[in-house]
Amino acid sequence: MRKRSAITLGITVLVILIVAISTDLSRGNLSPPWLYGHASARTSLFPGKTDGIDFFEVKILQRIPHNPEHFVQGLQVDGDILWEGTGRYGESKLIKHRFNRTRGILEPVYEKALSSDDFGEGLAVLDNVLYQLTWKAGRVYRYDLSGKKPSPLEPLRNDREGWGLTTDGHSLIASDGSAFLAFRSAKDFSVQKTIEVQFQGKAIDRLNELEWIDGKIWANVWKTPFIMVVDPETGEVTSVIDCGNLVEDARASNPDIDVLNGIAWDASNRELYLTGKLWPWVYRVVLDRKTLPEGKAEFTKL
Ligand SMILES: [Ca+2]
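Residues numbered from 1 in each chain as written. Predicted model: local features only at pLDDT ≥ 70, side-chain atom pairs only at ≥ 80, totals over all residues.

Visitor: What's the story with the overall build of the protein in this structure? I'm lost.
Guide: Counting secondary structure elements, the protein contains three helices and 22 strands. A burial count over the protein gives 38% of its 302 residues as buried. In the protein, once contacts between residues fewer than 6 apart in sequence are set aside, the share between residues at least 24 apart is 50%. (Helix = DSSP H or I, 4+ residues; strand = E, 2+ residues; numbered from the N terminus. Buried ≥ 20, exposed ≤ 12 C-beta atoms within 10 Å, placed from the backbone. Contact = placed C-beta atoms within 7 Å.)

Visitor: What's the story with the sheet that holds strand 19 (residues 237-242) in this structure? I'm lost.
Guide: The strands making up a sheet are joined through hydrogen bonds of the backbone, oriented either antiparallel or parallel. What the eight strands build is an open sheet, ordered 16-17-18-19-1-22-21-20; its pairing is mixed. This sheet does not close on itself; its edge strands, each paired only once, are strand 16 (207-213) and strand 20 (260-266). The sheet shows a mean angle of 30° between the axes of neighbouring strands, direction not considered. As paired strands, strand 1 (residues 54-65) and strand 22 (residues 281-289) are joined by nine bridges and run antiparallel to one another. Looking across to strand 22, one finds that Lys-59 is bridged to Val-286. Each of strand 1, strand 19, strand 20, strand 21 (271-276) and strand 22 touches helix 3 (residues 244-253); the most contacted strand, strand 1, lies at about 30° to it. (Pairing = 2+ DSSP bridges. Axes fitted to C-alpha atoms, helices over the stretch in contact; angles between N-to-C directions.)

Visitor: Please explain helix 3 as it appears in this structure.
Guide: Residues separated by three or four positions in an α-helix point in the same direction, a consequence of the helix having 3.6 residues per turn. Residues Leu-246, Val-247 and Ala-250 constitute the buried set of helix 3. Taken around the axis of helix 3, the buried residues stretch over an arc of 100°, which confines them to a single face. Its buried side turned inward, helix 3 meets strand 1, strand 20, strand 21 and strand 22. (Arc of directions from axis to C-beta.)

Visitor: What am I meant to see in the sheet that holds strand 12 (residues 180-184) here?
Guide: In space, the four strands of this open sheet follow the order 10-11-12-13, with antiparallel pairing throughout. Across the chains shown, the open sheet's two edge strands, defined by having one partner strand only, are strand 10 (165-167) and strand 13 (191-196). Ignoring which end each strand starts from, the neighbouring axes of this sheet average 25° apart. Relative to strand 11 (residues 172-175), strand 10 runs antiparallel, the two being bridged by three bridges. The residue of strand 11 that forms the bridge with Thr-167 is Leu-172.

Visitor: Teacher, can you tell me more about the environment of Pro-150 here?
Guide: Along the polypeptide, Pro-150 turns up in the loop between strand 8 (139-144) and strand 9 (151-157). In the structure, Pro-150 is positioned 54 residues away from Lys-96 in sequence and 9.2 Å away in space, judged by C-alpha atoms. For Pro-150, the contacting residues outside a window of four places in its chain are Lys-96, Tyr-110, Leu-130, Tyr-143 and Leu-145.

Visitor: Just checking my understanding: could you explain the pairing of strand 6 (residues 120-126) for this structure?
Guide: Among the seven residues in strand 6, five count as buried, and that is most of the element. Pairing of strand 6 with strand 7 (residues 129-134) involves five bridges; the strand directions are antiparallel. Paired with Leu-126 across the two strands is Val-129, which belongs to strand 7. Two successive antiparallel strands, strand 6 and strand 7, enclose a turn made up of two residues, where Asp-127 displays a positive phi of approximately 50°.

Visitor: Help me out: how do you make sense of the environment of Ala-267 in this one?
Guide: Within the secondary structure, Ala-267 is located in the loop between strand 20 and strand 21. Among the residues examined, Ala-267 registers 11 C-beta atoms within 10 Å and is labelled exposed. Placed 54 residues apart in sequence, Ala-267 and Ile-213 show a C-alpha to C-alpha distance of 7.8 Å.

Visitor: How do you make sense of unusual backbone geometry when you look at a structure like this?
Guide: The phi angle of most residues is negative, glycine excepted, and most peptide bonds adopt the trans form. One non-glycine residue, Asp-127, adopts positive backbone phi at about 50°. Overall, the presence of 10 C-beta atoms within 10 Å leaves Asp-127 in the exposed class. Non-glycine residue Asp-214 carries a positive phi angle of around 50°. Locating Asp-214 in the fold gives a position in the loop between strand 16 and strand 17 (216-221).

Visitor: Hey, could you run me through the nonpolar core in this one?
Guide: Here is a general trend for soluble globular proteins: nonpolar side chains tend to be buried in one another's company. With 64 residues, the main nonpolar core has Val-197, Ala-219, Ile-227, Met-228 and Leu-274 as its most contacted residues. Top element by residues in this core is strand 18 (residues 226-230). It accounts for five residues. Setting aside residues up to four positions removed in sequence, Leu-274 forms contacts with Val-58, Cys-243, Leu-246, Gly-262, Ile-263, Tyr-283 and Val-285. (Core = buried A, V, L, I, M, F, W, Y, C linked by C-beta atoms within 7 Å.)

This is how it looks when you write it as structure tokens:
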């Protein structure tokens, strides 16, 4: 009897092991391993079908030294200027850098500290006015850029939390930590329209830093290495960019860096810059089409 019990126990353990392994594999199928890339601890945002979505990863072309004390919340190129907005209470700033492309360096030429009860957030330049959000204070700071130095204008009011900001050249486009992006008037920040960002029917929230690139809205998803490329009419995600290798590269210099958060598009030179909070670098990158499960890989320059 004792021998038979031992055999039964052995078979039971074996069955449990087989079921556990099968379940794990089936989970792997539901969350394609190629979305995880080479960072095993990464959480997949996108279980399910991927039909019709383009996936990219990024290839580093250049590392531009960046102040690792800057908790980046907004990034935008404007000609030879790179604007940076930083967050955290007591540390929030607006910083204007002269972008010396020849030497590959950022030269700070102007800094303005926000008040200690402001947590700075995204920024955007529209019609020679720079707009900078605050997280919970409801203030949208404005600066006239037509003079030699940025000249403060009366702030506007934001009725939502301020996260990311960009512009399509007509309206400001703001995120608030939800899955909704609001097109807002540059005159009084009133809402003109909103879109819900969806990946094949699933709302994608925690949208953070934004950038308008070639008629699409690019959005960092907070606490992930992913950037969503969003159709501004429908809110549909049309491409996903996995920046996991940038996070790893930045972390190799400093294990205490925070998340990816900073997209700047130099439209004149068609160059893309990405960074993150407390990162030692602003990266100039191009997109590589991500290897698909079938094993197909093609290179696509943005
Ligand atoms: Ca931006």
